[in-house]
Amino acid sequence: MTPPYDLRGRAALVTGATRGIGHAVARQLAAAGARVCVTARDADEVRRTAAELGGVGAAGSVADPDHLTSAVELALSEFGRIDVIVNNAATNLPYGPLMDVDPLSWRKAFTMNVEAPLRLVRCAWHAWMREHGGAVVNVCTEGATHVGPNVGAYGTSKAALLHLTRQLAGELAPKVRVNSVSPGLIRTDMARFVWEPGEEEVAAGLPLGRIGEPEDVARAVVWLVSDAAEWVTGADLLVDGGTRVRAAAGADRAYAVHERLRAHGPVRGDRTRGPN
Ligand SMILES: NC(=O)c1ccc[n+]([C@@H]2O[C@H](COP(=O)([O-])OP(=O)(O)OC[C@H]3O[C@@H](n4cnc5c(N)ncnc54)[C@H](OP(=O)(O)O)[C@@H]3O)[C@@H](O)[C@H]2O)c1
């Protein structure tokens, strides 16, 4: 299929792009003609993904400010420009009631989910975008505007990212557009503990009748960074299969996603793939 948006001549950096949503985003950006720089912690996976997409890769954690700087430098040295930033890498930990979570893990969630996106945008702004323009998409979550069992740290940090998106959109206009996408439940490793046990039941509670695929989110990201969205900034694009409107769709049952979240007790330690 011919990609609907033409990103030839553009260069993009996608964090957390070796699997899940980030991988689908990087793949669709490359299919639209963009040159891509991918990141993740696993260096072998970064190399494999960069080779698959004909791009470059920087291995490291978004929690490390030096890694973010060198990822931008790599994209600039390889491509001579950096037009698109997709802040996708995140953690859904610490998991559990807020009274029980370790304050250091709480801080780590904010380092990865809020501070890292800001740092990356600052690097790209100073190195390229302030002068030449660009587009940023932050990957938030459908859950960022309401509460849920055991996901207080995740939800609070993503709500902060949503606010950061709008603040940056105002501050960086008109040169740089800054938007977010908010996915509902997507078939990835991070959310496996939610969708895998009884996917049919979760899907039946969604107005559009299925859980999301990484490609559903990637299409929204590609549109937001393309010229087709040239008058869109500070927006949050929900890609949730109707999760927010399910109450009007006759779904009078309990929300299956919250049932799954409630069923999992607190998780100790640093398991960024989630409590599965
Ligand atoms: N899946 C859902 O249902 C859902 C719903 C709403 C929002 N989201 C959001 O969507 C985004 C992507 O989630 P996903 O479900 O696609 O996750 P995923 O399948 O677990 O993939 C995560 C990706 O990020 C990388 N990563 C993890 N920690 C990193 C770190 N510290 N630094 C750099 N890269 C890191 C992983 O590679 P390494 O492990 O090698 O680092 C991997 O490439 C996140 O922002 C998440 O909050 C997901």
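Residues numbered from 1 in each chain as written. Predicted model: local features only at pLDDT ≥ 70, side-chain atom pairs only at ≥ 80, totals over all residues.

Right, let's talk about the environment of leucine 74 for a bit. The residue leucine 74 is located in helix α3 (residues 65-79) in this model. Residue leucine 74 is classed as partly exposed on the basis of its C-beta count, with 17 C-beta atoms lying within 10 Å. Separated by 117 residues in the primary sequence, leucine 74 and alanine 191 place their C-alpha atoms 31 Å from one another. Once you skip the residues sitting within four places of it in the chain, leucine 74 turns out to touch Cys37, Val56 and Ala58. (Helix = DSSP H or I, 4+ residues; strand = E, 2+ residues; numbered from the N terminus. Buried ≥ 20, exposed ≤ 12 C-beta atoms within 10 Å, placed from the backbone. Contact = placed C-beta atoms within 7 Å.)

Spatial strand order, β3-β2-β1-β4-β5-β6-β7: seven strands in an open sheet with parallel pairing. The sheet is open, and its two borders are formed by β3 (56-59) and β7 (236-239), each paired with just one other strand. The average undirected angle you get between the axes of adjacent strands in this sheet is 15°. For strand β2 (residues 35-40) and β3, the ladder comprises four bridges, and the chain directions are parallel. Residue pairing for β3: valine 38 is matched across the bridge by glycine 57. Against the sheet, helix α5 (residues 152-172) touches β5 (134-139), β6 (176-183) and β7, its axis set at about 160° to β6. (Pairing = 2+ DSSP bridges. Axes fitted to C-alpha atoms, helices over the stretch in contact; angles between N-to-C directions.)

Quick look at the site of the ligand now. Taken together, 31 residues lie around the ligand, and Gly16, Gly20, Arg41, Ala90 and Thr188 are the ones closest in. Every element with two or more residues in the shell around the ligand is listed here: α1 (20-31) and β2. Broken down by class, the residue content of the shell around the ligand amounts to 14 nonpolar, 11 polar and six charged. (Near = placed C-beta within 6 Å. Nonpolar A, V, L, I, M, F, W, Y, C, P; charged D, E, K, R; others polar.)

Note that every value here comes from positions in space, so none of it alone points to a role or purpose.
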